[in-house]
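Commentary on secondary and tertiary structure
Each chain, written out:
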Amino acid sequence: MMINYPHLASMVFNTPLYATPDLVQAVRSVLEPRLLGQATDLPQGLGMAHEPEEREMQELRVVGRVAIIPVHGVLVARRGQINAACQELVSYERLRSQIQAALRHELVEEIVLDFHTGGGHAMGCKELADFIRASTGEKPITALVNFAAYSAGYFLAAACSKIIASPTAGVGSIGVIIETYEVSRMEETMGVTFNTFFRGDHKNDLTPHQPITDQAVAEIERRLDHAYATFTESVADYRGMAVDDVVATQARLYTAQDALAAGLVDEVVPAQEALDSIAQAYAGTTTQQSRSSRSIRAQAQALDTHCRL
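Residues numbered from 1 in each chain as written. Predicted model: local features only at pLDDT ≥ 70, side-chain atom pairs only at ≥ 80, totals over all residues. Heavy atoms only, no water.

**Details of the packing of helix 5 (residues 125–135) against helix 8 (residues 214–239)**
- At their nearest, the axes of helix 5 and helix 8 sit 11 Å apart, and the two run at 5° to each other. Judged by the angle between their axes, helix 5 and helix 8 are roughly parallel. In this structure, helix 5 uses K126, A129, D130 and R133 to contact helix 8, whose residues at the interface are T230, S234, D237 and Y238.
- Residues belonging to the contact of helix 5 with helix 8 are distributed by class as follows: two nonpolar, two polar and four charged. (Axes fitted to C-alpha atoms, helices over the stretch in contact; angles between N-to-C directions. Helix = DSSP H or I, 4+ residues; strand = E, 2+ residues; numbered from the N terminus. Parallel < 35°, antiparallel > 145°, perpendicular 65-115°, else oblique. Contact = heavy atoms within 4.5 Å. Nonpolar A, V, L, I, M, F, W, Y, C, P; charged D, E, K, R; others polar.)

Encoded structure:
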């Protein structure tokens, strides 16, 4: 299957994103030449990947009594992935299914969300974060920032029972961004004219075929205000902070130690040590549990190595 680039563009442009500017730029650098007809490499076999819900339990990674769920790459509302032309995608829909599987798993005592993401969609993020927060009443859910939880990633991490950051990790970017694109001058040079007919004053807002209007700018500001309030107020609620203190971060990118001082994380511990400590808390006295305990360090080291790669 071919990648549906126009569909991807609709998820990147003209929509609120809880994402770092670097992430937006990285995705845009892939989309722009293809949307403008300047790229000839059209990768094959990079379409949407669907997996039945019943497979989540079987595929769940359980180490000892701990379920480890990766939260890596670009966060999107609906299920899918890209493996060559762009960064890995992980959907809020898929993460919810994986967390539900871990909650149902009789051997799982605690869930660890392993974060390495620059963020993604605002759409769907709040819903998953609220689900995570509600689920912490059933089983502890630890956010392990190994090595980045920015923007939408931090939104989700904040909803967890606690946040542990590796010493070189980064968190924050509590903000929202909307990027538009406009090709009217290029079209004029090429002698191409798009005639658009519509009803409803806002139907043609943010069209790429004409300069942005004051009306469209006002609409963008309204959407930004709403998404920003949702983000900052949610983080304040989850973390027990004042909203003004969250707003005062001004979407700054924090080092692990600065984040600890600001109350954005709870501990700064190397990922392997954090996983060892969590797993040991559930170590039992049976032979099977002892074997599981002895294997924790090797598996945690493998996870740490994988994340570094």
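**Here we look at the pairing of strand 6 (residues 141–150)**
- Across the 10 residues of strand 6, 10 count as buried, placing the element largely inside the fold.
- Each parallel crossover has a hand, and the one from strand 5 (residues 110–121) via helix 5 to strand 6 is right-handed.
- Sheet analysis places strand 6 next to strand 7 (residues 162–165), joined by four bridges and oriented parallel. Considered in strand 7, the bridge of V145 is made with A165.
- Between the parallel pair strand 6 and strand 7, the chain is carried across by helix 6 (residues 152–158), and the sense of this crossover is right-handed.
- By the bridge criterion, three bridges tie strand 6 to strand 8 (residues 170–172) in an arrangement that is parallel. If you follow A149 over to strand 8, its bridge partner there is V171. (Buried < 20%, exposed > 50% of the residue type's maximum accessible area, 1.4 Å probe, protein only. Right-handed = clockwise from strand over helix to strand, strands pointing away. Pairing = 2+ DSSP bridges.)

**Topic: the nonpolar core**
- Grouped together as the largest cluster of nonpolar side chains are 57 residues, with contacts concentrated most on Y18, I99, I111, L113, I132, L156 and V171.
- Residue contributions to this core peak at eight residues, all from helix 8.
- Sequence-distant contacts of I99, that is, excluding residues within four places in its chain, are made with I69, I111, L113, L128, F131, I132 and I141.
- V112, L144, I164 and A279 belong to the second-largest nonpolar core, a separate cluster that totals 12 residues. (Core = buried A, V, L, I, M, F, W, Y, C linked by side-chain atoms within 4.5 Å.)

**Focus: the packing of helix 4 (residues 92–104) against helix 5**
- Orientation of helix 4 relative to helix 5, taken along the N-to-C sense of each, is 10°, at an axis distance of 10 Å. By the angle class used here, helix 4 and helix 5 are roughly parallel. Facing helix 4, whose interface residues are Y92, L95, R96, I99, Q100 and L103, helix 5 presents C125, E127, L128, F131, I132 and S135.

**Notes on unusual backbone geometry**
- Positive phi values are uncommon outside glycine, yet S173 reaches one of about 55°.
- Looking at the element boundaries, S173 is found in the loop between strand 8 and helix 7 (184–190).
- Backbone geometry places L206, a non-glycine residue, at a positive phi of 65°.
- If you trace the backbone, L206 turns up in the loop between helix 7 and helix 8.

**Structural notes on the packing of aromatic side chains**
- Counting across every chain of the model gives four aromatic pairs.
- Three or more aromatic residues link up through ring pairs in this structure, and these residues are Y18, F155, F231 and Y238.
- Sitting above the plane of the F131 ring, R96 keeps its charged end 4.1 Å from the centroid.
- Here R252 stacks its cationic end above the ring of Y254, 4.4 Å away from the centre of that ring. (Phe/Tyr/Trp six-rings, centres within 6.5 Å; stacked < 30°, edge-to-face > 60°. Lys NZ or Arg CZ within 6 Å of the ring centre and 35° of its normal.)

**Concerning the environment of V90**
- Residue position: V90 is located in strand 4 (residues 89–91).
- Take V90: its relative accessible area is 9%, and that puts it in the buried class.

**A look at the side chain of D205**
- Looking at where D205 falls in the secondary structure, it is placed in the loop between helix 7 and helix 8.
- One buried charged residue, D205, forms no salt bridge at all, with the nearest opposite charge on R223 at 7.7 Å.
- When neighbours within four sequence positions are excluded, D205 is seen to be in contact with Q215, A216 and E219. (Lys, Arg positive; Asp, Glu negative; His and termini not counted. Salt bridge = Lys/Arg side-chain N within 4 Å of Asp/Glu carboxyl O.)

**Notes on a nonpolar patch on the surface**
- A contiguous nonpolar surface patch, about 370 Å² in accessible area, is contributed by M186, M190, V192 and F194.
- As for its position among the elements, F194 is in the loop between helix 7 and helix 8. (Patch = residues over 30% accessible without salt bridge, like charges linked within 9 Å, V, L, I, M, F, W, Y side chains within 5 Å. Areas by Shrake-Rupley, 256 points an atom, 1.4 Å probe, with all protein chains shown as cover.)

**Examining helix 4**
- Over its 13 residues, helix 4 runs 18 Å from end to end, which matches the ideal 18 Å to within 8%, given 1.5 Å per residue.
- Buried within helix 4 we find Y92, R94, L95, S97, Q98, I99, A101, A102 and L103. (Expected span 1.5 Å × (residues − 1).)

**A few points about the side chain of T232**
- Mapped onto the fold, T232 is located in helix 8.
- Once residues lying within four places of it in the same chain are set aside, the contact partners of T232 are I174, V243, V246 and V247.

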